Amino acid sequence: VNVDCGFTAGARFIIIKRTDSTGDWYAWDSTRGIVSGNDPYLTLNTNATPVTNTDYIDPLNAGFTVTSSAPAALNASGGTYLFLAIA
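Calculation rules
Starting afresh in each chain, residues are numbered from 1 along the sequence in its written order. Local features in this predicted model are restricted to residues whose pLDDT is 70 or higher, and side-chain atom pairs enter the listing and the counts only when it is 80 or higher, whereas totals over whole chains, interfaces and linings include all residues. Values reported for side chains reflect all heavy atoms of the structure, with hydrogen atoms and water molecules removed beforehand. Runs of E in the DSSP output that reach at least two residues are strands. Runs of H or I that reach at least four are helices, and both are numbered from the N terminus. Whether a residue is buried, partly exposed or exposed follows from its accessible area with a 1.4 Å probe, protein chains only, as a fraction of its type maximum: under 20%, in between, or over 50%, in that order. Definition used for salt bridges: Asp or Glu carboxyl oxygen within 4 Å of a side-chain nitrogen of Lys or Arg. Strands qualify as paired when DSSP identifies two bridges or more between them. A fitted line through C-alpha atoms serves as each axis, taken over the contacting stretch for helices, and the angle formed by two N-to-C directions is quoted from 0 to 180°. Polar contacts, as counted here, are pairs of nitrogen or oxygen atoms within 3.5 Å of one another; within protein the pair requires one atom able to donate a hydrogen and one able to accept it, and residues that are adjacent in sequence qualify only if both atoms are side-chain atoms. Nonpolar side chains (Val, Leu, Ile, Met, Phe, Trp, Tyr) are joined into patches within 5 Å and like charges within 9 Å, using only residues with over 30% relative accessible area and no salt bridge. Here, Shrake-Rupley sampling with a 1.4 Å probe gives the accessible areas, and only protein chains in the shown set may cover a residue.

Trainee: I'd like to hear about the environment of Thr31, residue by residue, with values.
Mentor: Looking at where Thr31 falls in the secondary structure, it is placed in the loop between strand 3 (25–29) and strand 4 (42–43). Accessibility expressed as a relative area gives 76% for Thr31, which makes it exposed.

Dropping the structure here:
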């Protein structure tokens, strides 16, 4: 799923939360890496350590892409999501 935020150089900070089901607040930033491979993320509502071995998002010049490998908490057909992206 491509999320077009109207940016010209991609997103530097992203938070995503599924709103029609339970789930965590996922957060990525360009300091840890938003790349076309594994992207470390934090779950803001837990005290878990960062996860570094997943590829749930990829960069997109206009925003970001949620990959097909992302769990239902981030990418379910018919799901409703809230996101914040900062360029």
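Following the structure, the description resumes.
Trainee: Residue-level account of the pattern of salt bridges, with values.
Mentor: One pass over the full model with this rule turns up two salt bridges. A salt bridge links Arg18 to Asp20; the nearest nitrogen and oxygen atoms lie 2.6 Å apart. Using a relative accessible area of 39% as the deciding quantity, one classes Asp20 as partly exposed. For Arg32, the salt bridge goes to Asp29, with nearest N and O atoms at 2.3 Å. On the basis of relative accessibility, which here comes to 41%, the residue Arg32 falls in the partly exposed class.

Trainee: Help me get a handle on the sheet that holds strand 1 (residues 2–4), residues and values and all.
Mentor: Pairing is antiparallel across the open sheet formed by three strands, whose spatial order is 1-6-5. The outermost strands of the open sheet, each flanked by one partner alone, are strand 1 and strand 5 (57–60). Each neighbouring strand pair of the sheet contributes to a mean axis angle of 25 degrees, computed without reference to strand direction. Bridge count between strand 5 and strand 6 (residues 63–66): four bridges; the pairing is antiparallel. Considered in strand 6, the bridge of Asp58 is made with Thr65.

Trainee: Residues and numbers for the side chain of Thr67, please.
Mentor: Residue placement: Thr67 occurs in the loop between strand 6 and strand 7 (81–86). A polar atom in the side chain of Thr67 sits 2.6 Å from the backbone oxygen of Asp55.

Trainee: A description of a nonpolar patch on the surface should follow, citing residues and the corresponding values.
Mentor: Taken together, the side chains of Trp25, Leu44 and Leu82 present a nonpolar region at the surface, about 280 Å² in accessible area. Note that Trp25 resides in strand 3. The exposure class assigned to Trp25 is partly exposed, which follows from its relative accessible area of 34%.

Trainee: Describe in detail the sheet that holds strand 4, supporting the description with residues and values.
Mentor: Strand order in the open sheet formed by four strands is 4-3-2-7, and the pairing between neighbours is antiparallel. Across the chains shown, the open sheet's two edge strands, defined by having one partner strand only, are strand 4 and strand 7. By the bridge criterion, five bridges tie strand 2 (residues 13–18) to strand 3 in an arrangement that is antiparallel. Counted as the bridge partner of Ile15 is Ala27 from strand 3.

Limitation: the analysis is restricted to geometry and does not speak to function.
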